[in-house]
Amino acid sequence: KAFFHASSPIKTENIDQIWGGEKLPYLLSVESSEDEGYANRTSQNVISFLEFKEKLLSNNLVTDELNIEEIKNSKINEFTTSGRVKNIIVGKFLISAEKLRTIFGLKSTNFTIVADNNNITFNVIGYGHGVGMSQYGAVYMANNGTKYTDILSHYYKNTNIKKI
């Protein structure tokens, strides 16, 4: 399973933190640098409280009793080992960051949450699930003279590259 994604400008993610706990010795979190000029390095999603509640309701993640004040007080509850968001608390509801990424089209689970009087804003870093090789990280390494074998060994730990 040679997973890859577009961008992890700080670190990649351990596979067991994303998809139900499967552990593979070569899909571990590693540092990942990228060109700061990459257009999708950061993004922002601004969602009204009403839309936020409606989408959570339609995905059976909250009940109708959730109120605006609880949405306004949404906060990150837990982080993954690489520092991405694992889940958030909205009122009494625990919601996985992966679900939020899918429902709201967030580019990554590496985000912060800011609420104002009408909206909840996700400030996002990176693009993709974060597991395996960062494509923009690999480009950055290649542009700085790193050989492809070293790039692959960096992103896929404990692997050997050989001719078959």
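Please read these numbers as outputs of a predicted model, since none were measured by experiment.

A.B. asks: Would you mind showing me how to read a nonpolar patch on the surface here?
C.D. replies: A cluster of nonpolar side chains, namely Tyr 148, Leu 152 and Ile 161, defines an oily patch on the protein surface of about 310 Å² accessible area. Structurally, Tyr 148 is set in helix 5 (residues 148–155). Exposure remark for Tyr 148: the relative accessible area of 60% places this residue in the exposed category.

A.B. asks: What am I meant to see in the sheet that holds strand 6 (residues 111–115) here?
C.D. replies: Working definition: the strands of a sheet are paired by backbone hydrogen bonds and lie parallel or antiparallel to each other. The three strands are arranged 2-7-6 in an open sheet whose pairing can be described as antiparallel. What marks the edges here is a single partner per strand, and that holds for strand 2 (42–48) and strand 6. Strand after strand, the sheet turns through a mean of 20° between neighbouring axes, direction not considered. Taken together, the seven bridges between strand 2 and strand 7 (residues 119–125) define a ladder with antiparallel strand orientation. Across the sheet, Thr 42 pairs through a bridge with Ile 125, a residue of strand 7. In the packing of helix 1 (residues 49–58) onto the sheet, the strands contacted are strand 2, strand 6 and strand 7, and the crossing angle to strand 2 comes to about 90°.

Calculation rules
Residues numbered from 1 in each chain as written. Predicted model: local features only at pLDDT ≥ 70, side-chain atom pairs only at ≥ 80, totals over all residues. Heavy atoms only, no water. Patch = residues over 30% accessible without salt bridge, like charges linked within 9 Å, V, L, I, M, F, W, Y side chains within 5 Å. Areas by Shrake-Rupley, 256 points an atom, 1.4 Å probe, with all protein chains shown as cover. Salt bridge = Lys/Arg side-chain N within 4 Å of Asp/Glu carboxyl O. Helix = DSSP H or I, 4+ residues; strand = E, 2+ residues; numbered from the N terminus. Buried < 20%, exposed > 50% of the residue type's maximum accessible area, 1.4 Å probe, protein only. Pairing = 2+ DSSP bridges. Axes fitted to C-alpha atoms, helices over the stretch in contact; angles between N-to-C directions. Contact = heavy atoms within 4.5 Å.

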